[in-house]
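Now for the letters of each chain:
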Amino acid sequence: NDLLPCIFTGRRNCLGESLAKVEFFMFFVSFMQRYSVKLPQGSKADPLDTTTDVIRCPKPYEIIFSPTVQ
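What you see is a predicted model, and the numbers here were worked out from it, not measured in a lab. (Residues numbered from 1 in each chain as written. Predicted model: local features only at pLDDT ≥ 70, side-chain atom pairs only at ≥ 80, totals over all residues. Heavy atoms only, no water.)

**Observations concerning the overall build of the protein**
- A tally of helices and strands in the protein yields two helices and four strands.
- Counting from the amino terminus, the protein carries its helices and strands in the arrangement α-α-β-β-β-β.
- Out of the 70 residues in the protein, the part that is buried amounts to 3%.
- Sequence-distant contacts in the protein: of pairs separated by 6 or more residues, those separated by 24 or more amount to 63%.
- Accessible area for the protein stands at about 6,900 Å²; split by element, carbon and sulfur atoms hold 62% of it. (Helix = DSSP H or I, 4+ residues; strand = E, 2+ residues; numbered from the N terminus. Buried < 20%, exposed > 50% of the residue type's maximum accessible area, 1.4 Å probe, protein only. Contact = heavy atoms within 4.5 Å. Areas by Shrake-Rupley, 256 points an atom, 1.4 Å probe, with all protein chains shown as cover.)

**Quick look at the packing of aromatic side chains**
- Following the criterion strictly, the structure yields four aromatic pairs and no others.
- When the centroid spacing of 6.3 Å and the interplanar angle of 20° are considered together, the rings of Phe24 and Phe28 count as stacked. Here Phe28 and Phe24 lie together in helix 2 (residues 17–34), a separation of four residues that amounts to about one turn.
- Accessibility expressed as a relative area gives 43% for Phe28, which makes it partly exposed. (Phe/Tyr/Trp six-rings, centres within 6.5 Å; stacked < 30°, edge-to-face > 60°.)

**Section: the pattern of salt bridges**
- What the rule picks out here adds up to one salt bridge.
- The salt bridge partner of Lys21 is Glu17, with a shortest N-O separation of 3.4 Å. Residue Lys21 and its partner Glu17 are both found in helix 2; the two are separated by four residues, about one turn of the helix. (Salt bridge = Lys/Arg side-chain N within 4 Å of Asp/Glu carboxyl O.)

**Some words on the confidence of the model for the protein**
- Per-residue confidence for the protein gives a mean pLDDT of 81, with 80% of residues at or over 70.
- Element-level pLDDT for the protein is lowest in helix 1 (residues 4–7), with a mean of 55, against a maximum mean of 93 in helix 2. (pLDDT = per-residue confidence, 0-100.)

**A short note on the environment of Thr51**
- Within the fold, Thr51 resides in strand 2 (residues 50–52).
- Since its relative accessible area comes to 27%, Thr51 is described here as partly exposed.
- If we skip the residues at most four places from it in the chain, Thr51 touches Arg56, Cys57 and Lys59.

**Things to note about a nonpolar patch on the surface**
- On the surface, Phe24, Phe27, Phe28, Met32, Tyr35, Val37, Leu39, Tyr61, Ile63 and Phe65 cluster together into a nonpolar patch covering about 960 Å² of accessible area.
- Going through the elements one at a time, helix 2 and strand 1 (35–38) are the ones with two or more residues in the nonpolar patch.
- Counting residues per element, the nonpolar patch draws most heavily on helix 2, which supplies four residues.
- Topologically, Val37 is positioned in strand 1. (Patch = residues over 30% accessible without salt bridge, like charges linked within 9 Å, V, L, I, M, F, W, Y side chains within 5 Å.)

Okay, structure coming up:
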């Protein structure tokens, strides 16, 4: 059958990929609504301050997650 090669060629995607992206977005948004993110006092985080080994990575820094008051 000449039709089969046309149907099954090309990029393959996971059937649940779009659902997983939506679920992750909903989880992340609800998490950010319930917690505030801040740096420890006297600390600064510069995302452009990086280390270079094999690949360029941001330097590690500490953050504080605290529940928001509702």
